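Descriptive analysis of the structure
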Number of protein chains: 2
Amino acid sequence: MNIDYIKDYGEVIAFNGAFSLKPKEKSLKKHIKLSNPTDNKVYTNVKELIKKTGLKSGDTISFHHHLRNGDKVVGIILQACEELGINDLKLAISAIFPTHDFLVEYAKKGIITQIDTNYCTGKVANAISRGEFKKVAIFRTHGGRARAIYAGDLEIDVAFIAASATDNAGNINGTMGKNAFGSIGYAMPDADCAKVSVAVSDTIYPYPLSNPSITQDKIDYVLMVDEIGDPNGIKSGTTDITKDPIQLKIAKTTANLIDESGLLKDGFSFQTGAGGISLASAHYVKEIMKEKNIKGSFIMGGITAYLVSLYNEGYFNNIFDVQGFDLEALKSLQTNPNHYEVSSSLYANIHTSSPIVNRLDCVVLGATEVDTNFNTNVMTSSNGYIMGGSGGHSDAAAGAKLAIITTNLIRTRKAIVKEKINSITTPGESINALVCEYGIALNDKTLAKTLKNSRLKILDIKELASIANDICGVCEYEKSNKRIVAVVEYRDGSVIDVIRQV
Amino acid sequence: MNIDYIKDYGEVIAFNGAFSLKPKEKSLKKHIKLSNPTDNKVYTNVKELIKKTGLKSGDTISFHHHLRNGDKVVGIILQACEELGINDLKLAISAIFPTHDFLVEYAKKGIITQIDTNYCTGKVANAISRGEFKKVAIFRTHGGRARAIYAGDLEIDVAFIAASATDNAGNINGTMGKNAFGSIGYAMPDADCAKVSVAVSDTIYPYPLSNPSITQDKIDYVLMVDEIGDPNGIKSGTTDITKDPIQLKIAKTTANLIDESGLLKDGFSFQTGAGGISLASAHYVKEIMKEKNIKGSFIMGGITAYLVSLYNEGYFNNIFDVQGFDLEALKSLQTNPNHYEVSSSLYANIHTSSPIVNRLDCVVLGATEVDTNFNTNVMTSSNGYIMGGSGGHSDAAAGAKLAIITTNLIRTRKAIVKEKINSITTPGESINALVCEYGIALNDKTLAKTLKNSRLKILDIKELASIANDICGVCEYEKSNKRIVAVVEYRDGSVIDVIRQV
């Protein structure tokens, strides 16, 4: 990183270690409102509402991604913006899915000129990679987005916050109503800091809404629409544990590694994703907990039916939920007393008194590429196209005592572990171990000592790269020298990498 | 108010109407921390902790008053400050009780030089009135204190937040532990904005604390002490409904007024204090609700056993609790699903999207003096000594559709209603009616029309003043022209009055 300045991003502070950047005292613009008892907040006409917010060309609008691939709110707002002649908008949205493919058209028309997100798939990712957005995209981590908002680095003019339930004062949640989606944790920083906050909902309850997740003091307007989302897209199908024997082997090895690390004891805390290997790892961890009668403290992450079952069966006492993936996660949040909805800031913001990730014993994470220094890419595919983003990857890896990357060594005939990778999302220093079908590579001297006499198969990561290389051949990169299309911001606001046009 | 500037307070914006001051966009210093997973938060040595916070002479320290007259935390911290040679402190505490009388000694020693509070009784009030603190005191409303903190007008260097329960990460509440006190709502702005936030507790639970009211991302350090308070002082004795026949008459008239106003119907919302007339008014309101089968929406205010009984018996569906007064309030907060703990900002901060006071139908309030323009004093006694403060008085009066002052016309041989009063706390424009044993005075033309044909006894407030005058004689004020000892700040940050040395 020898770049000092990136157009439409600003000055670059190069990444220099996960906990090395000393934060400066910032000055946050406080958007102070005068609330009068006679004020009416509820609107049913989207254009009338947008005019009321004062939104104008060049502004930044924000959204959360809790409606996932069923989101209809972004489309409703952007169509109205187009009709009102508002353009050159920066879209700050916590994640982008294929349901947002239509954004590519808004980029072409100059209505959306910049994307600020934590994760991006589908045609929007391709469009960013091809340089079809006028301005450089900014990719943050989940905790980094919260940090940027609270620090004033990401200033939001109008936050549009999809809520499955509201009352006429703007008390909102995501757990009630016909399109309930669960935790609304990613929207909490937006509600706290946006110049104007709008709740967008399709279900209104009498005042006061029971169990609001965001309260009326933080919501300026309520926009009622027909449907905030498509229930089929909101609920991902329940993710099943992988049946692939190689992936099951990796998962079993992962569980054994966690066990042998010494961390798997009463009070154990665990984060895992919703992917096949991750869930299988959770399953094998549970088997060990059962055998040894271990009672865990909390599970965290994208919450799925499987993780809820670990709570319901008594393996863990608490669930911290910044995002739910399925109906079981929603049901549990509605009913289980120790299933807590948490904001993305409480979850992972490095610039707070302490985010929950700092209390993690172990996190199991995926990767698209890992280099021999354990630097991990979850952002681009091997051909340089954007196909994801950090989400909570870097956050959980930095916080957890034991951060494990699980992956097949080779996937679709391509090496995952190799000398050089396409881009860096999470620094190797945050990763303690990598588990693949060939064994375990360690990046932690203390852990290496602990495991010295274990029966685990430990290899050097260079050996793994060499095995992969022997099978797949050297992966030649033509590093693009075209324009920078995306900045990969680390959780502390430094820049860990840039992505260039394909 | 022809004062532009007050030493140790700053520029004066004169009060000019309850909703007339347009707030300016402010710039808030964001105290950004870098949290590392290896950080330890828990201290047992108070001086070591204070050194760690960086507290120095001239700084501002804050406390909440939820421990009421049983608080021991202020004393613990100030003793350590004295031993460390730290002086010239500004004490920003949400209310001061006789248990804090020792602060007068700290004023004499120059350790505390300025008081910033919402309510003050006991020897500290007398000492302020006599000019024994070096710098002018600042009196705010409960909502005004929250406003000032979020706007950066009241900058807190170190917040010491008494918590009856904590874990080692700083998740805290006031509802668990041996000295549980209930809602911790007044401390929430401090935790959000202080440069350094310290939880002070005597009971530590395993991580994570269940039902935290303030979460670990907002607490930098945890100080463990033997006792945060004296349970006898924490719990006020349950306030009983008055047995005084005159006060009962006033209360009954108040309930009839509320009934005849047309507001007492399904969805009714109500705030009342813990005083004898207030509780009796609530009782008579309940009788009418029972007779007419009316189901209310929410009750709010300092929560007492009587208000909890209204919820438990089904007269109201919700309780909003910024502060509890007794054991029943605590029990209800612990167990009743629709008993909500709210921050002072959500409760009453005028500079938010909307505080809950804006949703009040009716509030019943007290007064020490009321002038013939309905301007109300709850700050000074008739001899000019400070003996209280607004607390939520001005906030609820401004928000409610119907704000009623209830008072005996004459108390201890002194007129309460009179031409001129000693100081103004709540502007007359916020008051709709005054009820005393002689009848009702109205300050609301619409209400006057509504009540035209009612059987209520309506008098002009000047008649009431005249009756009181006839009985007590003219109350002669010698307006002091000595130095200003206290600024009375209205909830929006303007100055509604000043108090001069007695």
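What counts, and where the lines are drawn
- Residues numbered from 1 in each chain as written.
- Chains lettered and ligands numbered in written order.
- Predicted model: local features only at pLDDT ≥ 70, side-chain atom pairs only at ≥ 80, totals over all residues.
- Heavy atoms only, no water.
- Contact = heavy atoms within 4.5 Å.
- Buried area = accessible area lost by both parts, 1.4 Å probe.
- Salt bridge = Lys/Arg side-chain N within 4 Å of Asp/Glu carboxyl O.
- Polar contact = N/O pair within 3.5 Å; in protein donor to acceptor, adjacent residues only side chain to side chain.
- Helix = DSSP H or I, 4+ residues; strand = E, 2+ residues; numbered from the N terminus.
- Nonpolar A, V, L, I, M, F, W, Y, C, P; charged D, E, K, R; others polar.
- Pairing = 2+ DSSP bridges.
- Axes fitted to C-alpha atoms, helices over the stretch in contact; angles between N-to-C directions.
- Parallel < 35°, antiparallel > 145°, perpendicular 65-115°, else oblique.
- Least-squares fit on C-alpha atoms with pLDDT ≥ 70 in both.
- Buried < 20%, exposed > 50% of the residue type's maximum accessible area, 1.4 Å probe, protein only.
- Right-handed = clockwise from strand over helix to strand, strands pointing away.
- Lys, Arg positive; Asp, Glu negative; His and termini not counted.
- Left-handed = near helix turned anticlockwise from the far one by under 90°.
- Expected span 1.5 Å × (residues − 1).

1. Re the interface of chain A and chain B
In many reports, interface size means the accessible area that the parts give up when they come together. Between chain A and chain B, the contact holds 53 residues from the first and 53 residues from the second. Together chain A and chain B conceal approximately 4600 Å² of surface at their shared face, both sides included; 53% is due to carbon and sulfur atoms. A per-residue breakdown of the area chain A buries against chain B is headed by Ile32, Leu34 and Ser353 of chain A, which together make up 15% of the total. Applying the counting criterion to the chain A and chain B interface returns zero salt bridges. Where chain A touches chain B, the interface holds 19 residue pairs in polar contact (both at pLDDT 80 or more). Where the side of chain A that touches chain B is concerned, the elements lending two or more residues are strand 3 (26-30), helix 5 (142-151), strand 15 (296-303), strand 16 (316-324) and helix 13 (393-399) of chain A. With five residues, strand 3 of chain A is the largest single contributor of residues to the side of chain A that touches chain B. Counted by class, the side of chain A that touches chain B contains 23 nonpolar, 19 polar and 11 charged residues. Where strand 3 of chain A meets strand 3 (residues 26-30) of chain B, five bridges bridge the pair, whose relative direction is antiparallel.

2. Considerations on the packing of helix 1 (residues 46-53) of chain B against helix 2 (residues 73-83) of chain B
Residues and elements named next belong to chain B. Running from N to C, helix 1 and helix 2 point in directions that differ by 75 degrees, and their axes come no closer than 9 Å. Taken together, the axis directions place helix 1 and helix 2 in an arrangement best described as roughly perpendicular. Here Val46, Lys47 and Ile50 of helix 1 lie close against helix 2, whose contacting residues are Ile76, Ile77, Ala80, Cys81 and Glu83. Here the residues of the contact of helix 1 with helix 2 sort into six nonpolar, no polar and two charged.

3. As for the relation of the copies chain A and chain B
Of the two same-sequence chains, chain A is brought onto chain B (RMSD 0.0 Å, axial shift 0.0 Å) by a rotation of 180 degrees. Such a turn and shift between the copies fits a two-fold axis. Measuring from the rotation axis to each C-alpha of chain A, the shortest distance belongs to Leu28 of chain A, at 2.5 Å. Interface overlap between copies: 100% of the residues of chain A at the interface are likewise at the interface in chain B, consistent with a symmetric, same-surface contact.

4. Re the pairing of strand 6 (residues 89-93) of chain B
Residue and element names in this part refer to chain B. Counting buried positions along strand 6 yields five of five residues, so the element is predominantly enclosed. By the alternation rule, side chains of strand 6 split into Leu89, Leu91 and Ile93 and Lys90 and Ala92, which are all buried. In this sheet, strand 6 lies alongside strand 5 (residues 60-63) in parallel orientation, the contact comprising four bridges. Residue Ile61 lies in a different strand from strand 6, and its bridge partner there is Leu91. A crossover links strand 5 with its parallel partner strand 6, the connecting element being helix 2, and its sense is right-handed. In the sheet, strand 6 pairs with strand 7 (residues 112-117) via four bridges, with the strands oriented parallel. By the bridge assignment, Leu89 is partnered in strand 7 with Ile112. With helix 3 (residues 103-108) bridging strand 6 and the parallel strand 7, this β-α-β connection has right-handed handedness.

5. A word on the sheet that holds strand 5 (residues 60-63) of chain A
All names here are of chain A. Ordered by their spatial adjacency, 10 strands build an open sheet running 4-13-12-9-5-6-7-8-28-29, and the pairing between neighbours is mixed. At either end of the open sheet lies a strand with only one pairing partner, and these are strand 4 (42-43) and strand 29 (495-500). The strands touched by helix 1 (residues 46-53) are strand 4, strand 9 (158-163), strand 12 (196-201) and strand 13 (221-224); relative to strand 13, the strand with the most contacts, the crossing angle is about 165 degrees.

6. Thoughts on unusual backbone geometry
All names here are of chain A. A cis amide bond links Tyr207 with the next residue in sequence, Pro208, at an omega value of -10 degrees. Relative to the helices and strands, Pro208 is located in the loop between strand 12 and strand 13. Of note in the backbone geometry, Asn211 takes a positive phi value of approximately 50 degrees without being a glycine. Positive phi is not limited to glycine here, since Phe374 has a value of about 70 degrees. Take Phe374: its relative accessible area is 2%, and that puts it in the buried class.

7. Topic: the environment of Lys290 of chain A
Here Lys290 of chain A is to be found in helix 9 (residues 276-292). Remark: the alpha-carbon pair of Lys290 of chain A and Lys33 of chain A, spanning 257 residues in sequence, is separated by 54 Å.

8. Focus: the side chain of Asp157 of chain B
All names here are of chain B. Following the sequence through the fold, Asp157 ends up in the loop between helix 5 (142-151) and strand 9 (158-163). Of the side chains with opposite charge, Lys195 comes closest to the buried, unpaired Asp157, at an N-O distance of 4.4 Å. Separated by 2.8 Å, the side chain of Asp157 and the backbone nitrogen of Thr60 make a polar contact. Not counting chain neighbours up to four residues away, the residues in contact with Asp157 comprise Asp59, Thr60, Lys195 and Val196.

9. Side note on the packing of helix 8 (residues 245-260) of chain A against helix 9 of chain A
Residues and elements named next belong to chain A. Interaxial distance between helix 8 and helix 9 falls to 8 Å at its minimum, and their mutual angle equals 45 degrees. With respect to each other, helix 8 and helix 9 are oriented oblique. At the point where helix 8 passes helix 9, the crossing takes the right-handed sense. Contacts from Gln247, Leu248, Ile250, Ala251, Lys252, Thr254, Ala255, Asn256, Ile258 and Asp259 of helix 8 reach helix 9 at Ile277, Ala280, Ser281, Tyr284, Val285, Ile288 and Lys292. Of the residues contributing to the contact of helix 8 with helix 9, the split by class is 10 nonpolar, four polar and three charged.

10. Notes on the sheet that holds strand 15 of chain A
All names here are of chain A. Spatially, nine strands are ordered 17-16-15-14-18-21-25-26-27 in an open sheet, and the strand pairing comes out mixed. In this open sheet, the two strands that pair with only one neighbour each are strand 17 (339-341) and strand 27 (458-459). Relative to strand 18 (residues 362-365), strand 14 (residues 269-272) is paired through three bridges, and the arrangement is parallel. Each residue of the ladder has a partner; that of Gln271, found in strand 18, is Val363. Running over the sheet, helix 10 (residues 305-312) touches strand 14, strand 15, strand 16 and strand 17 and is turned about 160 degrees from strand 15.

11. A few points about helix 9 (residues 276-292) of chain B
All names here are of chain B. Between its first and last C-alpha, helix 9 extends 25 Å over 17 residues, near the 24 Å set by a 1.5 Å rise per residue. Among the residues of helix 9, Ile277, Ser278, Leu279, Ala280, Ser281, Ala282, Tyr284, Val285, Lys286, Ile288 and Met289 are the ones counted as buried. Immediately downstream of helix 9, the backbone of Asn293 shows phi near 55 degrees, a positive value.

12. Some remarks on the pairing of strand 15 of chain A
Residue and element names in this part refer to chain A. Here strand 15 lies mainly inside the structure; eight of its eight residues are buried. When strand 14 meets strand 15, the two strands line up parallel, connected through three bridges. Residue pairing for strand 15: Ser269 is matched across the bridge by Phe298. Following the chain from strand 14 across helix 9 to the adjacent parallel strand 15, one finds a crossover that is right-handed. As judged from the seven bridges shared by strand 15 and strand 16, these two strands associate in the parallel manner. Bridge pairing in strand 16 places Phe298 opposite Asn318. Handedness of the β-α-β unit built from strand 15, helix 10 and strand 16 comes out right-handed.

All we've got here are geometric facts, nothing functional implied.
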